[in-house]
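Chains, contacts and geometry: an overview
Take a look at the letters that make up each chain.
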Amino acid sequence: MRAGTLAAIAAGATALAAFLRFRPFRVEVQGPSMAPTLEAGDWAVATSGNRVRVGDVVVVVHPEHPGLEMVKRVRCEPGDVAPDGTTLGQDRYWVEGDDPANSTDSRHFGPVPGSAIRGRVRFVYLPAERRRFL
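This text gives an overview of the structure that appears in the document. These numbers come from a predicted model, not from an experiment.

Attention now moves to unusual backbone geometry. Here the residue pair Ala35 and Pro36 is connected by a cis peptide bond, since its omega of 5° sits within 30 degrees of zero. Mapped onto the elements, Pro36 comes out in the loop between strand S1 (25–28) and strand S2 (43–47). Unlike most non-glycine residues, Asp91 shows phi in positive territory, near 65°. In this structure, Asp91 sits in the loop between strand S4 (69–76) and strand S5 (92–96). Residue Asp91 is classed as partly exposed on the basis of its relative accessible area of 38%.

If you want it as structure tokens, here you go:
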């Protein structure tokens, strides 16, 4: 095989490995809860399989409505004292919208388990004028 062919195969294998590890998926932002960071109608790419940290924007499954996904920001992680005064237990996260007046979040339903966090929002790709990395 030629060196160029081997390099192309290696690059493809690397891209495939990254895709399988981070499992990217798309998400549409609905509603005003994440304004001004994200607006209703924004489309973004999120990735799973990453450590979640305070400040990350994440896709989380609503704990009271399985199947309903929300986009929120991680405000507290395990071991932190949450805004309601409780210390978060192992694998518990406090999530909130950036616009608290328009957000249903941990202030309403409490902390969420790590298993409810589907992934981190990485990149807004639509609309084009709002395209950017988070």
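Now that the structure has been shown, we can carry on.
Take Glu77: it is sitting in the loop between S4 and S5. It turns out Glu77 is buried and unbridged, and the closest side chain with the opposite charge, Arg51, is 4.1 Å from it. Contacts of Glu77, omitting those with residues within four sequence positions, involve Arg51, Val52, Arg53, Val54, Leu88, Arg92 and Tyr93.

The element S4 is extensively covered by neighbouring structure, given that 6 of its 8 residues are classed as buried. Here strand S3 (residues 57–61) pairs with S4 via 5 bridges, running antiparallel. Following the sheet pairing, Val60 is matched in S4 by Met70. In this sheet, S5 lies alongside S4 in antiparallel orientation, the contact comprising 3 bridges. Bridge assignment links Arg73 to a residue of S5, and that residue is Glu96.

The next subject is the pairing of S2. Pairing between S1 and S2: 4 bridges, direction antiparallel. What sits directly across from Phe25, in S2, is Ala46. Pairing of S2 with strand S7 (residues 117–126), which is carried by 5 bridges, proceeds in the antiparallel orientation. Bridged to Ala44 within S7 is Val124.

Cut-offs applied
Residues numbered from 1 in each chain as written. Predicted model: local features only at pLDDT ≥ 70, side-chain atom pairs only at ≥ 80, totals over all residues. Heavy atoms only, no water. Helix = DSSP H or I, 4+ residues; strand = E, 2+ residues; numbered from the N terminus. Buried < 20%, exposed > 50% of the residue type's maximum accessible area, 1.4 Å probe, protein only. Lys, Arg positive; Asp, Glu negative; His and termini not counted. Salt bridge = Lys/Arg side-chain N within 4 Å of Asp/Glu carboxyl O. Contact = heavy atoms within 4.5 Å. Pairing = 2+ DSSP bridges.

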